[in-house]
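Residues per chain, in single letters:
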Amino acid sequence: MLLEKGFVKNGFIIDLSNAKNTTQLVFELSSIMEHPDVKGKNVCLKLGGSDLKQSQLLSIKALIESMDSSIAFIDTTSEQTEASAVSLGIMVSKVSDQDIQDGIVGTLPDEVSEESVMVKSEEISLDSSGQSEASLSSSHIETTEGIEDIYNEISAEELSEIIPSEDSEKTYFTKFAANEGLLNDEHSKYILLDTGNVLPEGVEENSTNTESLPTLYLNQTLRSGQTVSYDGNILIIGDAHPGSEIIAGGDITVWGILGGIAHAGNAGNITSKVRALKLNAIQLRIAGLYARRNDTLNVPYVQKSNEFTPEVAQIEDGKIVIYKKLRRD
Amino acid sequence: MTGRVIVITSGKGGVGKTTTSANIGTALAKAGHKVVLIDTDLGLRNLDLLLGLENRIVYTIVDVIEERCKLKQALVKDKKNPNLSLLAAAQTRDKTAVNAEQLKEICDTLREENDFVLVDCPAGIEQGFQNAVAGANEAIVVTTPEMSAIRDADRIIGLLATKEEISSTKLLLNRVRPSLIKSNEMMSVDDVIGILEIPLIGIIPEDTGIITSTNKGEPIVNDENALAGKAYRNVAQRILGEEVPFLDLDEPKGFMAKIKNAFAKLKVKV
Ligand SMILES: Nc1ncnc2c1ncn2[C@@H]1O[C@H](COP(=O)(O)OP(=O)(O)O)[C@@H](O)[C@H]1O
Ligand SMILES: [Mg+2]
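Read on for a plain summary of the structure. Residues take numbers from 1 onward in each chain, read along the sequence in its written order. For this description, chains carry letters from A and ligands carry numbers from 1, given in the order in which they are written. Totals for whole chains, interfaces and linings use all residues, but because this is a predicted model, local features are given only for residues with pLDDT of at least 70 and pairs of side-chain atoms are given and counted only at 80 or more. For the side-chain quantities, the full set of heavy atoms in the structure was used; hydrogens and water were omitted.

Turning our attention to the overall build of chain B. Only DSSP runs of H or I with at least four residues qualify as helices, and only runs of E with at least two residues qualify as strands; both kinds are numbered from the N terminus onward. When its secondary structure is counted, chain B shows twelve helices and eight strands. Here the term buried applies to any residue with accessible area under 20% of the maximum for its type, exposed to any over 50%, and partly exposed to those in between, with areas from a 1.4 Å probe on protein chains only. Considering chain B as a whole, with its 270 residues, one finds that 56% of them fall into the buried category. The long-range fraction of contacts in chain B, counting pairs at least 24 apart against all pairs at least 6 apart in sequence, stands at 74%. The Shrake-Rupley method, run with a 1.4 Å probe sphere, supplies the accessible areas, and residue values consider only the shown protein chains as cover. Here chain B displays about 12,200 Å² of accessible surface, and carbon together with sulfur accounts for 51% of that area. Working rule for contacts: check all heavy atoms of both residues, and any pair within 4.5 Å makes them a contact.

Below, the structure is given as structure tokens:
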């Protein structure tokens, strides 16, 4: 049942077996996948005992494919995960600690015996170079190809067809809660500052519909030291560099990499959102809540890519939460 | 308590004022003293980056001056050392947002509750410099062993001499490369002191580790093995009035040679 060592060509082992829960698992995976070295690789996922439903595993697969990589196989001790993998046509195998030390990168053995893989034989195709494709089942997600496709409107029905979502569409991509206890400090992407509510005196929290506000449209790069502030929504086509500041009465949308400070709903509007193709803000502020980027993510300059998964930050239950989304909300 | 307010200045930009402020501040705090670092480089702030604190800044010195927050609220505590805090500059404002009296008032308030207030000064001799020195009673002038930097340091030392409140001005020579001094391609420490004629508080070697430490947001004094870290720890001890023997900045040699060197009278002194 075991794949031979050295099986995966151009492979990469990602060990997620210490993840405490699915949220953390996906969060760690997505940070790892953002690393340029992981692009175009056959990824072996060590998932430990995490119980993943089919929909969750599919999301993970989509995430990996959105970075031009593919899952070679997964290593799991959970029966549920194994069943999900089999139903999705993802191979299941084992990696030993030794493999991890050696790195499993190598060339494919001349022959791969049929019994060495668990999935049905017709789902494994060997191409002429002898490279094995962990051929994946029908539900390929088209929307991860490039930026233009990301915002293609998908109806809720279509979406539920592509992604068998368990409770709501929001669970499709992961929700990274800033400080929910779900994730501990080390693993949250953003951590609320303990400043409490920082709204100036006389400013009341409100829930004005941001769609009713005017929008300032800017087609430019915001550089360090530059501030844009506007009572309504702000839309920036371009990057907002570290050291810049965007302050909006309503929503902030950055069609690019957001690296500076973003303050949405600065007059107390708690329904305001911050959206970016790449959410890397040094601080996220919504109404009176301030969150800082996790120190472990302190890479101020993000490399440009056409394969960012857009992210949205919003307030929920008095916390700033972040969704990774492939579609408009 | 009346703490000491020390301005770190240079005239010329890029000689290591901010690096020096971050490292001396960290070293003094590690030695158990309460330290506040003030970044007065409005619009070009860096000190927060060197300390890895940018993501924690909510209020800046301009917010304090424009009374949007209390001074205490604007002090950002260091991640590792609770003795150390930072009063950040505003990134999106220019130097006209602050004046000398306001800065002096802030320094005066801070020295009541801290052992040290270190003021990181912007380059130049205009408003930013005047602001930074306004509350100080000691100065450290940073220079590198280059003619242009020394010329600017000389100018600054002259200006500091006209400030009655500043009772002591010391020299910190940064980015020293003993191998270049040996081959006569770089001015020696004695040459520089000969020109500037003020007491030396430290010599910091050129160290590529400083670049990595800057990128990581972790001052090099925290690295026990780095030579520049050791040199900065020695500066902190000298600030505290201790007599610290001089570091041998020569390239590492054999063990015996090192021992011999330790007893020899060194030309290069830290
Ligand atoms: N001793 C040193 N060795 C190597 N690089 C140094 C050293 N001191 C400073 N630098 C580098 O020089 C540059 C300028 O330093 P900085 O402290 O920002 O100067 P200033 O505040 O005077 O403008 C930085 O890139 C810093 O990393
Ligand atoms: Mg500086």
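Moving on, there is more to tell.
This brings us to the site of ligand 1. Residue and element names in this part refer to chain B. Proximity is defined per residue: if any heavy atom of the residue lies within 4 Å of a molecule or strand, that residue is considered near it. Every one of the 15 residues lining ligand 1 counts as a neighbour, but Gly14, Lys17, Thr18, Thr19 and Asn174 are closest to it. Side-chain polar atom of threonine 19 to an oxygen atom of ligand 1: 2.5 Å apart, as the coordinates give it. As used in this structure description, the phrase polar contact means that two N or O atoms lie within 3.5 Å; if the pair is within protein, one of them must be able to donate a hydrogen and the other to accept it, and residues adjacent in sequence are counted only when both atoms belong to side chains. Here an oxygen atom of ligand 1 and a side-chain polar atom of arginine 175 are 3.0 Å apart. Per-element accounting of the shell around ligand 1 gives the leading share, three residues, to helix H1 (residues 17-30). Asp, Glu, Lys and Arg are counted as charged, while Ala, Val, Leu, Ile, Met, Phe, Trp, Tyr, Cys and Pro are counted as nonpolar; the rest, among them Gly, fall into the polar class. The residue inventory of the shell around ligand 1, partitioned by class, reads four nonpolar, seven polar and four charged.

Another aspect to go through is the environment of Lys70(B). All names here are of chain B. Tracing the backbone through its elements, the reader meets lysine 70 in the loop between helix H3 (61-65) and helix H4 (71-74). Residue lysine 70 is classed as exposed on the basis of its relative accessible area, which comes to 61%. For the pair lysine 70 and tyrosine 59, spaced eleven residues apart in the sequence, the C-alpha separation amounts to 9.2 Å.

With that out of the way, let us pick up the environment of Ser224(A). Along the polypeptide, Ser224(A) turns up in the loop between strand S8 (215-218) and strand S9 (227-230). Of the residues examined, Ser224(A) reaches a relative accessible area of 40% and is grouped as partly exposed. Along the chain, Ser224(A) and Gly243(A) lie 19 residues apart, while their C-alpha atoms are 4.1 Å from each other. Residues in contact with Ser224(A), not counting those within four places in the same chain, are His241(A), Pro242(A), Gly243(A), Ser244(A) and Gln91(B). A polar contact is formed between the side chain of Ser224(A) and the side chain of Gln91(B), at a distance of 2.4 Å.

Moving on, we come to unusual backbone geometry. Not every positive phi belongs to a glycine, and Ala287(A) is a case in point at roughly 50°. For Asn184(B), which is not a glycine, the phi torsion comes out positive at approximately 65°.

The next point concerns the interface of chain B and chain A. Taken together, the ten residues of chain B in the interface contact 18 residues of chain A. Accessible surface is computed with a 1.4 Å probe, and the buried area is the amount of it that two parts give up when combined, taken over both parts together. Surface buried jointly by chain B and chain A totals about 1,100 Å² across both partners, of which 47% is contributed by carbon and sulfur atoms. Definition used for salt bridges: Asp or Glu carboxyl oxygen within 4 Å of a side-chain nitrogen of Lys or Arg. The interface formed by chain B and chain A contains one salt bridge. The residue Arg56(B) makes a salt bridge to Asp295(A) at a minimum N-O spacing of 2.8 Å. At the boundary of chain B and chain A, one finds seven residue pairs in polar contact (both at pLDDT 80 or more). Taken together, the residues that form the side of chain B that touches chain A break down as three nonpolar, four polar and three charged.

All names here are of chain B. Using protein atoms alone on a 1 Å grid, points that fit a 1.4 Å probe yet trap it form a cavity, whereas open point sets bounded by protein on both sides within 12 Å along at least five of seven lines form a pocket; residues with an atom within 4 Å of a point count as lining. Grid points are joined across faces, edges and corners, and a volume is the space filled by probe spheres set on the points. Size it by volume and the largest pocket reaches roughly 990 Å³. Along the walls of the largest pocket sit 43 residues, with Thr18, Asn46, Leu49, Leu50 and Thr214 positioned nearest its centre. Secondary-structure elements contributing two or more residues to the lining of the largest pocket are H1, helix H2 (47-50), strand S7 (168-176) and helix H10 (209-216).

A few words now on the pairing of strand S3 (residues 70-76) of chain A. Residue and element names in this part refer to chain A. Taking burial as the measure, the seven residues of S3 include six buried ones, the bulk of the element. Criterion used throughout: strands pair if DSSP finds at least two bridges between them. Note that strand S2 (residues 42-48) and S3 share six bridges and pair parallel. If you follow valine 43 over to S3, its bridge partner there is isoleucine 71. By definition, the crossover connecting two strands over a helix is right-handed if that path, from the first strand to the second, turns clockwise as seen with the strands pointing away from the viewer. What joins S2 to S3 is helix H2 (residues 54-66), and the crossover it makes is right-handed.

Another aspect to go through is the sheet that holds strand S6 (residues 138-143) of chain B. Residue and element names in this part refer to chain B. Strand order across the open sheet formed by eight strands is S3-S4-S2-S5-S1-S6-S7-S8, with mixed pairing between neighbours. Edge strands, defined here as strands with exactly one partner in the open sheet, are strand S3 (75-77) and strand S8 (200-205). Direction aside, the axes of adjacent strands within the sheet are offset by 20° on average. To obtain an axis, a line is fitted to C-alpha atoms, over the contacting stretch when the element is a helix, and the angle between two such axes runs from 0 to 180 degrees between their N-to-C directions. Sheet strands touched by helix H5 (residues 100-113): strand S1 (4-9), strand S2 (35-39), S3, strand S4 (84-87) and strand S5 (116-120). Its angle to S2, the strand with the most contacts, is close to 165°.

Here we come to the sheet that holds strand S16 (residues 289-293) of chain A. Residue and element names in this part refer to chain A. Spatially, six strands are ordered S7-S16-S15-S13-S11-S9 in an open sheet, and the strand pairing comes out mixed. Two strands close off the open sheet at either side, each with one partner strand: strand S7 (190-192) and S9. Averaged over neighbouring strand pairs, the angle between their axes works out to 15° when direction is ignored.

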